[in-house]
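Spelled out, the chains give:
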Amino acid sequence: MPFSTLARKRVNLGKNCMADTNTTSRPVTWYRSPLTSADFKELHKRSDWRGGVQTFGYLAVLLLTGVSVFYAAKHLAWPFVVLALFVNAMAYSFIPNGMHELGHGTVFKTKFLNEFFTRIFGFLGWNNYAYFAESHSRHHRYTLHPPDDLEVVLPTRAVLKQCVTQGIVNWPRMKWTILYTIRIARGKYEGEWENTMFPASDPERRRGPMIAARGFLVGHSLIIAVSIYFKLWLLPLVITFPSFYGDWLFFLLNNAQHTGMTDNVSDFRLCCRTILLDPVTEFMYWHMNYHTEHHMYAAVPCYNLGRLHRLIEHDMPHCPRGLIETWKEINAVQKRQKEDPTYKNIVALPPTANPSPGMVATI
């Protein structure tokens, strides 16, 4: 899909999440913690400089960990090569967050840079940016309101055992991703969610994901061919395949965004979870630990979410600090849900917070 077409489809999810001209689904009137006009304008300011620090800083980490793999292969014993590959994959696992933020069109002030790096990150992580743009804009408009949002459906069952079985080497996901990419490249859409977003009656909407998928297959095939021809056996392991192993930390963070929260509510404080993290992990995670704030104000650049959190902290429920506290909270909820499938976790709001508009979404 050319950039002009991408622009026409308004992949800028920060704007898309407010309106949907392609669906007859019911609107949800969301509660958002109030901001002053001055704070609102300041928080929404985009910066090529700050966007560059985030984007090129993250890419520098990928380059450094990738180079370390080749260095270890040349100078160190094989266990260090395996360790270097795993560290590289851990850093690589956060690529979806980069594509996600760039897809919102908020990282850079310059539109072209957002669109260009959305494609780069999508390719590196096998994340179909054209498919994701449609799915994720609906996720923001109808967060946890099935069937309008089927990107995340509660209750999800995320257990720490999965962190080991899927977060070390995830062969099933690699197989699924490649077969899925081949299927979309052939123009084959399956299931309720895909056919809702990309109906057969609108072939133009189906073209974007098809073209992206074909580009992924051609590009990664070329990388593998080059590695075979020049005997650079490690090249695919640091570019094409690291999305499929070493993502245990990403698993723990990303699965904490909505797991154990409440669906069918019109208050992001009840259906999204904010986690307080150390600065390094927060940077690698593209500040998506401020997930409630991101859903409230999706057009705020990721590097401003920390400031947004501090401004509305009085209106927020308790935010767990670190992954241990977070997963203790999630495991307690999942234990209750296992005993009582009808149980819903309603987080408590502090006395300083505005009351929730209710457990049923406003129609």
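Going by the structure above, here's the rest.
Residues numbered from 1 in each chain as written. Predicted model: local features only at pLDDT ≥ 70, side-chain atom pairs only at ≥ 80, totals over all residues. Heavy atoms only, no water.

Draft legend 1. Representation of the overall build of the protein within the structure. If you tally the helices and strands in the protein, you get 19 helices and zero strands. Its C-alpha radius of gyration of 21 Å places the protein within 12% of the 21 Å reference for a compact globule of 363 residues. The dimensions of the protein, computed from C-alpha atoms along their principal axes, are 65 × 45 × 45 Å. For the protein, the proportion of its 363 residues judged to be buried stands at 53%. In the protein, the share of contacts with a sequence separation of at least 24, taken over all contacts with a separation of at least 6, comes to 75%. For the protein, the exposed surface amounts to about 17,100 Å²; the carbon and sulfur share of it is 66%. Charged side chains in the protein number 38 positive and 27 negative. The centres of these two groups are separated by 6 Å. (Helix = DSSP H or I, 4+ residues; strand = E, 2+ residues; numbered from the N terminus. Rg over C-alpha atoms; globule rule 2.2 N^0.38 Å. Buried < 20%, exposed > 50% of the residue type's maximum accessible area, 1.4 Å probe, protein only. Contact = heavy atoms within 4.5 Å. Areas by Shrake-Rupley, 256 points an atom, 1.4 Å probe, with all protein chains shown as cover. Lys, Arg positive; Asp, Glu negative; His and termini not counted. Charge placed at Lys NZ, Arg CZ, Asp CG, Glu CD.)

Draft legend 2. Local environment of the nonpolar core. With 58 residues, the main nonpolar core has Tyr 58, Phe 94, Ile 95, Phe 121, Cys 271 and Leu 305 as its most contacted residues. At five residues, the largest contribution of residues to this core is made by helix 14 (residues 248-254). Not counting the four nearest positions on each side in its chain, Phe 121 is found in contact with Thr 55, Tyr 58, Leu 59, Ile 95, Gly 98, Met 99, Leu 102 and Trp 286. Residues Ala 185, Trp 193, Met 210 and Ala 213 belong to the second largest nonpolar core, which totals ten residues. (Core = buried A, V, L, I, M, F, W, Y, C linked by side-chain atoms within 4.5 Å.)

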